[in-house]
Amino acid sequence: MHNREYTVFLRPTQGGLMLHTMYYEEEVKKWRVWRADVELKEAEIKVAHQLIEALADEWDPEKI
């Protein structure tokens with residue numbers, strides 16, 4: 001980690017803890033505004049909806 005201090009947080013996971021490092025501002029890519037001139041084809045939207053429906057499932061807290 002290049003001899004640098006990092007801010008971290010711990011998150012409980014299955015049977016243990018997970019350590020996450022926080023990023024410094026200069027390490028995070030700046031947010032760009034999405035281009036409004038992008039046009040989606042009807043077929044692309046249909047495929048996106050099918051993919052979402054195929055992956056959607058009821059939330060079951062026992063699966064965690």
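Per chain, the residues get numbers from 1 upward, laid out in the order the sequence is written. Side-chain atom pairs in this predicted model are given and counted only at pLDDT of 80 or more, local residue features only at pLDDT of at least 70, and totals for whole chains, interfaces and linings cover all residues. Hydrogens and waters are ignored; side-chain quantities use all the structure's heavy atoms.

Asks: Describe the environment of Met18, listing the residues and the values that go with them.
Replies: Helix numbering and strand numbering both begin at the N terminus, where a helix is a DSSP run of H or I of at least 4 residues and a strand a DSSP run of E of at least 2. With respect to the helices and strands, the residue Met18 is situated in strand 2 (residues 16-21). Accessible area is worked out with a 1.4 Å probe on protein chains only. A residue is then buried under 20% of its type maximum, exposed over 50%, and partly exposed in between. Looking at Met18, the relative accessible area reads 39%, which means it is partly exposed. Beyond its immediate chain neighbours, meaning those up to four positions away, Met18 contacts Phe9, Leu10, Arg11 and Thr13. Here, two residues are considered to be in contact whenever any of their heavy atoms come within 4.5 Å of each other.

Asks: Give a description of the confidence of the model for the chain that names residues and reports values.
Replies: Close inspection of predicted coordinates is inappropriate in any region flagged by low pLDDT. Each residue carries a pLDDT value, the predictor's own confidence for that position, ranging from 0 to 100. When the pLDDT values of the chain are averaged, the result is 85; 95% of them are 70 or greater. Within the chain, the element-level pLDDT minimum falls on strand 1 (residues 8-13), averaging 90, and the maximum on helix 1 (residues 42-55), averaging 95.

Asks: Run through the pairing of strand 1, naming residues and quoting values.
Replies: One ladder, built from six bridges, connects strand 1 with strand 2; its direction is antiparallel. The residue bridging Val8 from the neighbouring strand is Thr21, located in strand 2. Two strands pair if DSSP finds at least two bridges between them. Counted between consecutive antiparallel strands, the loop separating strand 1 from strand 2 contains two residues, among which Gly15 sits at a positive phi close to 70 degrees.

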